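# Results of the structural survey
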Amino acid sequence: YIPRGEKDTREAYWGDAWGNRSERFLMGVGHFGSQDGRASIVMCRGYYKNFQLWAVHYNSADNKLRTRWKFNTANGYSAQWLDSGNHNLSIGDVDDDGKDEIIYGSCGIDHDGKGMYTTGLGHGDAMHIANLDPDRPGYQVWEVHEEKEACQTYGYEMHDARTGEILWGGPTKGDNGRGLAADIDPNHRGFEMWSSGVPGVYNCKGEKISDNKPGISFRVYWDGDLQDEILNGTNLSKWNGNKAVTIHTFPGAMHCNGTKRTPNVSADLFGDWREEVVFYDANDPS
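First, a word on scope: everything that follows refers to the structure included in this document. (Residues numbered from 1 in each chain as written. Predicted model: local features only at pLDDT ≥ 70, side-chain atom pairs only at ≥ 80, totals over all residues. Heavy atoms only, no water.)

Within this structure, the stated rule accounts for 14 salt bridges. Among the salt bridges present, the one from Glu 23 reaches Arg 4, with a minimum N-O distance of 3.5 Å. Of this pair, Glu 23 sits in the loop between helix H1 (7-14) and strand E1 (25-30) while Arg 4 sits in the segment before H1; the two residues are 19 residues apart in sequence, bridging distant segments of the chain. Judged by relative accessible area, which is 33%, Arg 4 ranks as partly exposed. Linking Glu 229 and Lys 238 is a salt bridge whose minimum nitrogen-to-oxygen distance equals 2.4 Å. What you see here is one network of salt bridges that share partners, running through Asp 133, Asp 135, Arg 189 and Lys 205. (Salt bridge = Lys/Arg side-chain N within 4 Å of Asp/Glu carboxyl O. Helix = DSSP H or I, 4+ residues; strand = E, 2+ residues; numbered from the N terminus. Buried < 20%, exposed > 50% of the residue type's maximum accessible area, 1.4 Å probe, protein only.)

Take the packing of aromatic side chains next. Taken as a whole and assessed by the stated rule, the structure comprises 16 aromatic pairs. An angle of 35 degrees between the planes, with centres 5.9 Å apart, marks the rings of Tyr 156 and Tyr 202 as tilted. Highlighted residues: Tyr 156 in strand E11 (residues 156-160) and Tyr 202 in strand E15 (residues 198-203), separated in sequence by 46 residues. Residue classification places Tyr 202 among the buried residues on the basis of a relative accessible area of 11%. Considering the side-chain rings of Trp 222 and Phe 250, the 5.8 Å spacing of their centres and the 90 degrees angle between planes classify their relative orientation as edge-to-face. With Trp 222 in the loop between strand E17 (218-220) and strand E18 (229-232) and Phe 250 in the loop between strand E20 (244-249) and strand E21 (253-254), the pair connects residues that are 28 residues apart, well separated along the chain. Take Trp 222: its relative accessible area is 25%, and that puts it in the partly exposed class. Counting every residue linked through ring pairs, the aromatic cluster contains Phe 51, Phe 71, Tyr 77, Trp 81 and Tyr 104. Looking at Arg 45, its charged tip hangs above the ring of Trp 14, at a distance of 5.9 Å from the centre. (Phe/Tyr/Trp six-rings, centres within 6.5 Å; stacked < 30°, edge-to-face > 60°. Lys NZ or Arg CZ within 6 Å of the ring centre and 35° of its normal.)

Here the focus is the pairing of E15. If a strand is regular, its side chains alternate between the two faces of the sheet. With five of six residues buried, E15 is to be regarded as a mostly interior element. Relative to E15, strand E14 (residues 192-195) is paired through three bridges, and the arrangement is antiparallel. Note on E15: the bridge partner recorded for Glu 192 is Asn 203. In this structure, the hairpin formed by E14 and E15 is closed by a connection of two residues. Taken together, the two bridges between E15 and strand E16 (residues 208-210) define a ladder with antiparallel strand orientation. (Pairing = 2+ DSSP bridges.)

With that settled, consider the environment of Lys 49. With respect to the element layout, Lys 49 can be found in the loop between strand E2 (40-45) and strand E3 (52-59). With 36 residues separating them along the chain, Lys 49 and Gly 85 place their C-alpha atoms 8.3 Å apart. With residues up to four places along the chain from it excluded, the contact list for Lys 49 reads Glu 11, Ala 12, Tyr 13, Trp 14, Gly 15, Leu 82 and Asp 83. Here the side chain of Lys 49 touches Ala 12 through a polar contact of 2.7 Å, landing on its backbone oxygen. (Contact = heavy atoms within 4.5 Å. Polar contact = N/O pair within 3.5 Å; in protein donor to acceptor, adjacent residues only side chain to side chain.)

What follows deals with the sheet that holds E20. Pairing in this open sheet of four strands is antiparallel, and the strands run E17-E18-E19-E20 from one edge to the other. Two strands lie at the open edges of the sheet, namely E17 and E20, each paired on one side alone. Ignoring strand direction, the axes of neighbouring strands in this sheet form an average angle of 35 degrees. Pairing of E17 with E18 involves three bridges; the strand directions are antiparallel. The partner of Val 220 across the bridge, within E18, is Glu 229. (Axes fitted to C-alpha atoms, helices over the stretch in contact; angles between N-to-C directions.)

By themselves, these observations are geometric and do not establish any function.
Written as structure tokens, this is what we have:
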């Protein structure tokens, strides 16, 4: 696994010496080689200061894992790359070359393990990637940020997933700890976006469409119409154009992870083109 190094070097590299910033791990699976068709496991360590990603694939000839590539911000990358990681990553073909790339918060890593771009806006807690604006080709990233200096310019923003070009956004007073993108309003093309650090809901062009906003935990495709619904803890709501209206609650259920209010699972488990959610029993947390 990616080593964290000796104690006397950890603060300079990871950002502290006591194991907080070095002990930040993410994983994913991507197809980085179009010729062999084999998927790779991506192991990641760190995202606050320096960080590393390691892609490995399985070799059936000798039953071993083989390194496909390694990425390390300390190997030839400018200081602008530091602190680019999120508490999450997303993997997909953002440059339409038939191979996957990794969106690691404020930066993009190409299929060959080389850095594509960084926005320079640093660390954030949430991001969402899709064709958020159907009038633009490819994918876009909706992201919120927490670094004080970056938030003075962009505490929230939408950027091009291929190039890192900032398409629109705005400042926040400080850490913008929550952000969500979902297609909740049929009166506006594409997705809508909102975040904890700024009032209101915006459409994919950056135009404010309401002074109100729904919960900022999760989106879920629940009732089979063309819009997403909003899942906030054990409350399910639907946007009516100006506010979120509760359509279902889950008695006896309990969400996880404190203020993040996460379900155990949110996915289409039964193949009916709608999503189900799994919580734990509030009366039996074991």
